[in-house]
Amino acid sequence: MIELPTNSWGPILKDESSKSYYQQLQKFLAKEYQGNTVYPPQNQIFEALKLTPYEKVKVVILGQDPYHGPNQAHGLSFSVLPGNKIPPSLRNIYKELASDLGYQPVVHGYLEKWAREGVLLLNTVLTVRDGQANSHRNQGWEVLTDELINRLNERQEPIVFILWGKPAQSKASMIDTDRHVILEAPHPSPLSAHRGFFGTRPFSQTNQALIHHGQKPIDWQLPETV
């Protein structure tokens, strides 16, 4: 059984864990972790929720599924563990951060600081088989992560949802834009970043929206070393 966060996400996930789709997902994952190499490690599946409690979420950056190479994924979308090469999508995110706010790219891809700042780095699917992108799609994760987005949408305090690429943008209809802010752009992957990702200034736009709603902006500057 996957350990649920003990913070404010715990009761929300507990509600879901009694539903049949979640129990089917648990059975599927038990087999997968037993018979295959699966990322991230089981104790890091809910890392994004552990580091960014429900009431602390100011921003959501929605990814697709975890990196499928060894020692990369650790439960935060777009982030890799220290010691790994920076993936191409994250390299493009760093380029846009430098262009937008003038913060020069750091030499690692570890985004824990953003998570602790209130940026929920959530994937729509939270596990993947080694070397097989999207291999855990349509097993129940999407139902759960849609519910998490629904619960965030219920919050009175405004949240900025950063939706990069079509899978993330498909969630826009779930978000009440009278209360919350949506920033959309093409995905930062090398395949699509030049189709309009660069120049969208998502970091400064996010902070402007937070300040407008009386919230403290995100400090997007990452530490040089981790």
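Fair warning: this is a prediction, and the values are worked out from it, not measured in the lab.

## Observations concerning the sheet that holds strand E2 (residues 59–63)
- The strand order across the open sheet built from four strands is E3-E2-E5-E6, with neighbouring strands paired in parallel fashion. Each end of this open sheet is capped by a strand with a single partner; those strands are strand E3 (119–123) and strand E6 (181–185). On average, adjacent strands in this sheet sit at an angle of 20° to one another, irrespective of strand direction.
- In the packing of helix H8 (residues 202–212) onto the sheet, contacts are made with E2, strand E5 (160–164) and E6, and the angle to E5 comes to roughly 160°.

## Focus: the side chain of Ser192
- Structurally, Ser192 can be placed in the loop between E6 and H8.
- Side-chain polar atoms of Ser192 contact the backbone oxygen of His187, separated by 2.8 Å.
- Among residues more than four places away in sequence, those in contact with Ser192 are Pro186 and His187.

## With respect to helix H6 (residues 141–153)
- Taking 1.5 Å per residue, 13 residues should reach 18 Å; H6 reaches 18 Å between its end C-alpha atoms and fits that length.
- Judged by how many residues are buried, H6 sits mostly within the fold: ten of 13 residues are covered.
- Residues Trp141, Glu142, Leu144, Thr145, Glu147, Leu148, Ile149, Arg151, Leu152 and Asn153 constitute the buried set of H6.
- On its buried face, H6 sits against helix H1 (9–17), helix H2 (20–35), helix H3 (47–51), E2, E3 and E5.

## Digging into the packing of aromatic side chains
- Under the criterion given, the structure shown has nine aromatic pairs.
- With a centroid separation of 5.3 Å and an interplanar angle of 90°, the aromatic rings of Trp9 and Tyr54 are classed as edge-to-face. In this pair, Trp9 is assigned in helix H1 and Tyr54 in the loop between H3 and E2, connecting sequence segments 45 residues apart. Here the two residues Trp9 and Tyr54 agree in accessibility, since each one is buried.
- When the ring of Phe203 is compared with that of Trp220, the centres are 4.9 Å apart and the planes differ by 75°; the resulting orientation is edge-to-face. Residue Phe203 is found in helix H8, and its partner Trp220 is found in the segment after H8; the two are separated by 17 residues along the sequence. With respect to burial, Phe203 and Trp220 carry one shared label: buried.
- An aromatic cluster of at least three residues, connected via ring pairs, comprises Phe78, Trp164, Phe197 and Phe198.
- Stacked on the ring of Tyr54, the Lys or Arg Arg155 has its end atom at 5.9 Å from the ring centre.

## Overview of the nonpolar core
- One finds Trp9, Phe46 and Trp114 to be the most contacted residues of the largest nonpolar core, which totals 69 residues.
- Broken down by element, the residue count for this core peaks at six residues, all from H2.
- Setting aside chain neighbours within four positions, we find Trp9 in contact with Leu49, Thr52, Pro53, Tyr54, Val57, Leu120, Leu148 and Leu152.

## What to know about the pattern of salt bridges
- Inspection of every chain in the model, using the stated rule, returns ten salt bridges.
- Here Glu32 and Arg129 are joined by a salt bridge, their closest N and O atoms 2.7 Å apart. Placement of the pair is Glu32 in helix H2 and Arg129 in strand E4 (residues 128–129), with a sequence separation of 97 residues.
- Taking relative accessible area as the criterion, Glu32 reaches 7% and is therefore assigned buried.
- On the basis of relative accessibility, which here comes to 25%, the residue Arg129 falls in the partly exposed class.

## Quick notes on the packing of H2 against H6
- The geometry of H2 relative to H6 is characterised by a closest axis approach of 9 Å and an angle of 130° between their N-to-C directions. As far as their axial angle goes, H6 and H2 are oblique. The element H2 and its partner H6 pack so that their crossing is left-handed. Across from Tyr21, Tyr22, Leu25 and Leu29 in H2, the residues of H6 making contact are Trp141, Val143 and Leu144.

## Quick word on unusual backbone geometry
- With an omega dihedral of -10°, the bond running from Tyr39 to Pro40 counts as a cis peptide bond.
- Examined against the element boundaries, Pro40 turns out to sit in the loop between strand E1 (38–39) and H3.
- Although it is not a glycine, Phe78 sits at a positive phi angle of roughly 70°.
- Among the structural elements, Phe78 can be located in the loop between E2 and helix H4 (88–101).
- For Phe78, a relative accessible area of 10% translates into the label buried.

What counts, and where the lines are drawn
- Residues numbered from 1 in each chain as written.
- Predicted model: local features only at pLDDT ≥ 70, side-chain atom pairs only at ≥ 80, totals over all residues.
- Heavy atoms only, no water.
- Pairing = 2+ DSSP bridges.
- Helix = DSSP H or I, 4+ residues; strand = E, 2+ residues; numbered from the N terminus.
- Axes fitted to C-alpha atoms, helices over the stretch in contact; angles between N-to-C directions.
- Contact = heavy atoms within 4.5 Å.
- Polar contact = N/O pair within 3.5 Å; in protein donor to acceptor, adjacent residues only side chain to side chain.
- Expected span 1.5 Å × (residues − 1).
- Buried < 20%, exposed > 50% of the residue type's maximum accessible area, 1.4 Å probe, protein only.
- Phe/Tyr/Trp six-rings, centres within 6.5 Å; stacked < 30°, edge-to-face > 60°.
- Lys NZ or Arg CZ within 6 Å of the ring centre and 35° of its normal.
- Core = buried A, V, L, I, M, F, W, Y, C linked by side-chain atoms within 4.5 Å.
- Salt bridge = Lys/Arg side-chain N within 4 Å of Asp/Glu carboxyl O.
- Parallel < 35°, antiparallel > 145°, perpendicular 65-115°, else oblique.
- Left-handed = near helix turned anticlockwise from the far one by under 90°.

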